[in-house]
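Notes for the structure review
The lines below spell out each chain.
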Amino acid sequence: MNIFDFNDYREFIQKKVQSLPKGGRGEYQKIAKSLRLHTTYLSQVIKGPKNLNQDQSLELCEYWKLNPLESRHFLLLVDYERAGSQKLRDYVRGQLFQIKEESKKLSLRLNNEKVLDEKAQTTFYSHWIYSGIRMATSIEALQHRTDLTKYFNLSPQELEKIISFLLEHRLCEQQGEKIVMGPQRTHLPAESPMISKHHMNWRLRSFDNYCRMGAEDLSFTGPMSISEKDAPLIREKITQLIKEISEIVKDSPSEKMYCLNMDWFRF
């Protein structure tokens, strides 16, 4: 569920609760307890005419673990409902518009990222092997140099060059004889001159995999003709899916490596 699609915080709360397992049964009681509110008062907020205050709104954002941009949007939705003049409503509406524009930038919707400097990007994104080895070091069975050279079919000298770079930039860490992955995720800004190289590297890697695809692999190519107004909706759903996948990956134990390639473009 994408909070940036909502212009009414009450509607967001209702839809959010309904989307939870078992239709959100008992969720309103949990919210009331977390916000230190009586359930009757919370019901008056949901149905109107009562409103949450800013402290309660922030507590709810933390309860649902909204990220900073989502929290700002929610707090502004509450401000809009509480505004006492049309002038203030217009101001808050402008702030909401700006946040919606920010939300379209994927780099602001992914947390815990490390952005490399320009020189390091040139090396790291020169070949998929740098990212591949870094990811492999999150798997316990691939945290020794001998295991990595065998898995990726590299010479010890080739591997050491890559490992040295990853250690230097804290993308990996040395723990005794083990090499383990450092920061959780890297993200290349859309405006980076290396972005095309990064996408190309992993798409070429996926091409190599086509001839030996297994049952657990998936590829999809779907040219389509749609309306002008539906195109942004599909883009937003893809962006939301990427965010949801990122949340799953964040807490998922490292056991196997997969690559997700996704494109959406006009032709």
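Thresholds, definitions, all that
Residues numbered from 1 in each chain as written. Predicted model: local features only at pLDDT ≥ 70, side-chain atom pairs only at ≥ 80, totals over all residues. Heavy atoms only, no water. Helix = DSSP H or I, 4+ residues; strand = E, 2+ residues; numbered from the N terminus. Buried < 20%, exposed > 50% of the residue type's maximum accessible area, 1.4 Å probe, protein only. Areas by Shrake-Rupley, 256 points an atom, 1.4 Å probe, with all protein chains shown as cover. Lys, Arg positive; Asp, Glu negative; His and termini not counted. Charge placed at Lys NZ, Arg CZ, Asp CG, Glu CD. Patch = residues over 30% accessible without salt bridge, like charges linked within 9 Å, V, L, I, M, F, W, Y side chains within 5 Å. Salt bridge = Lys/Arg side-chain N within 4 Å of Asp/Glu carboxyl O. Core = buried A, V, L, I, M, F, W, Y, C linked by side-chain atoms within 4.5 Å.

1. Quick notes on the overall build of the protein chain
- Looking only at helices and strands, one finds 12 helices and 4 strands in the protein chain.
- Viewed in the frame of its principal axes, the protein chain has a C-alpha envelope of about 70 × 50 × 40 Å.
- Burial status across the protein chain gives 35% buried among its 267 residues.
- Only carbon and sulfur atoms are counted for the fraction: they give 53% of the accessible area of the protein chain, which is about 17,400 Å².
- Here the protein chain holds 40 positive side-chain charges and 35 negative ones, and the gap between their average locations is 4 Å.

2. So, a nonpolar patch on the surface
- Residues Met200, Leu204, Phe207, Tyr210 and Met213 make up a contiguous nonpolar surface patch of roughly 490 Å² in combined accessible area.
- By the secondary structure assignment, tyrosine 210 is in the loop between helix H11 (195-209) and helix H12 (230-251).

3. Comments concerning the nonpolar core
- Within the largest apolar cluster, 28 residues are counted, with the highest numbers of intra-cluster contacts made by Tyr9, Ile13, Ile31, Leu52, Leu60, Trp64 and Phe74.
- Taken together, the elements giving at least two residues each to this core come down to helix H1 (9-18), helix H2 (27-35), helix H3 (39-47), helix H4 (54-63), helix H5 (68-82) and helix H6 (86-103).
- In terms of residues, this core owes the most to one element, H5, which gives 6 residues.
- Counting 26 residues, the second largest nonpolar core, distinct from the first, contains Ile129, Leu159, Ile163 and Ile195.

4. As for the pattern of salt bridges
- Applying the stated criterion to the full structure yields 9 salt bridges.
- The partner of glutamate 102 in a salt bridge is arginine 72, with the nearest N and O atoms 3.5 Å apart. Taken together, the residues glutamate 102 in helix H6 and arginine 72 in helix H5 connect sequence positions 30 residues apart.
- In this structure glutamate 102 comes out as partly exposed when scored by relative accessible area, which is 22%.
- Residue class for arginine 72 comes out partly exposed when judged on its relative accessible area of 39%.
- Across the pair aspartate 263 and arginine 203 runs a salt bridge, and its minimum N-O distance is 2.7 Å. Here aspartate 263 is found in the segment after H12, whereas its partner arginine 203 is found in helix H11, with 60 residues between them in sequence.
- Accessibility expressed as a relative area gives 48% for aspartate 263, which makes it partly exposed.

5. Looking at unusual backbone geometry
- A cis amide bond, omega 10 degrees, links glycine 48 with the succeeding residue proline 49.
- Looking at the element boundaries, proline 49 is found in the loop between H3 and H4.
- The phi dihedral of lysine 65 is positive, around 55 degrees, even though this residue is not glycine.
- Looking at the secondary structure, you find lysine 65 in the loop between H4 and H5.
- Since its relative accessible area comes to 73%, lysine 65 is described here as exposed.
- Not every positive phi belongs to a glycine, and asparagine 153 is a case in point at roughly 55 degrees.
- Exposure remark for asparagine 153: the relative accessible area of 70% places this residue in the exposed category.

Spatial relationships are all this shows, so hold off on functional conclusions.
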